[in-house]
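Geometric and topological summary
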Amino acid sequence: MGSDSEVEKSAQKEREKKKILALAPIAKPLAGKKLSKRALKLVRRAAEHKCLKRGVKEVVKSIRRGNKGICIIAGNISPIDVITHVPILCEEADIPYVYVTSKEDLANAGATKRPTCCVLVSTKPAKGEIGQEEQEKLKGEYDQVASEISELANTMF
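Residues numbered from 1 in each chain as written. Predicted model: local features only at pLDDT ≥ 70, side-chain atom pairs only at ≥ 80, totals over all residues. Heavy atoms only, no water.

Here is the rule we go by: UniProt positions are given in the numbering used here, feature names are shortened, and annotations may be inferred rather than shown by experiment.
Looking at an unreviewed UniProt entry, one finds the protein chain named H/ACA ribonucleoprotein complex subunit 2 and attributed to Salvia divinorum. Its UniProt record gives the protein chain the following Subcellular location (unreviewed entry) comment, quoted word for word: "Nucleus, Nucleolus". For the protein chain, the Sequence similarities (unreviewed entry) comment in UniProt is given as "Belongs to the eukaryotic ribosomal protein eL8 family."

Shown next as structure tokens:
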């Protein structure tokens, strides 16, 4: 008989397979496990400091207004027409973007219960100020994720 940890591991692998099967065909560049974890951690920290725009409408509005940041898009959106214009807007505005496997994971990282299609992470909060030390931490994580995303995009094209 297998132990509980083996059963949990097999169940987790099954969930990962389902996430990958649910991906949209345009979900490229897709973040690997390591980059996905870092990106979601950045989203979590940005949500704590109010440096996050959630949802297609807010993200598009923010990009059109000229705000810069990192766009993280969920890869399992259905219908896909909802987000097909977001990568084009990001490329025109020179904003790095990456796809993650699950909209549920993106929502959990963004501190919402509702699944989220995409988020835009910026280094400055929408309202108010954050402490200098927190700003430096957020900026460091932001720069690291941005460089990894640009490397991933460069290997793709």
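**Digging into the UniProt feature "domain: Ribosomal protein eL8/eL30/eS12/Gadd45" (unreviewed entry) in the protein chain**
Selection criterion: By the criteria applied, helices consist of DSSP H or I runs no shorter than four residues and strands consist of E runs no shorter than two, each listed in order from the N terminus.
UniProt records the feature "domain: Ribosomal protein eL8/eL30/eS12/Gadd45" (unreviewed entry) for residues 40-123 in the present numbering. Across residues 40-123 one finds 38% helix and 19% strand; the C-alpha atoms that close the span lie 15 Å apart.

**Examining the pairing of strand E4 (residues 118-121)**
Filter applied, for reference: Accessibility here uses a 1.4 Å probe with only protein chains present; expressed as a share of the type maximum, an area under 20% marks a residue as buried, one over 50% as exposed, and anything in between as partly exposed. In short, DSSP must find at least two bridges between two strands for them to pair.
Here E4 shows two buried faces, one formed by Cys118 and Leu120 and the other by Val119 and Val121. One ladder, built from three bridges, connects strand E1 (residues 52-54) with E4; its direction is antiparallel. Within the sheet, the bridge partner assigned to Arg54 lies in E4 and is Val119. In this structure, strand E2 (residues 70-74) lies alongside E4, joined through four bridges in antiparallel fashion. Pairing of Cys71 across the sheet is with Leu120, part of E4.

**Here we look at the packing of aromatic side chains**
What counts, and what does not: Aromatic rings from Phe, Tyr and Trp, with only the six-membered ring used for Trp, were paired whenever their centres fell within 6.5 Å, and each pair was classed as stacked if the ring planes differed by under 30 degrees, edge-to-face if by over 60, and tilted otherwise.
Applying the stated criterion to the full structure yields one aromatic pair. Seen from their ring centres, Tyr97 and Tyr99 are 6.3 Å apart, and the 80 degrees between their planes marks the pair as edge-to-face. Since its relative accessible area comes to 10%, Tyr97 is described here as buried. Taking relative accessible area as the criterion, Tyr99 reaches 2% and is therefore assigned buried.

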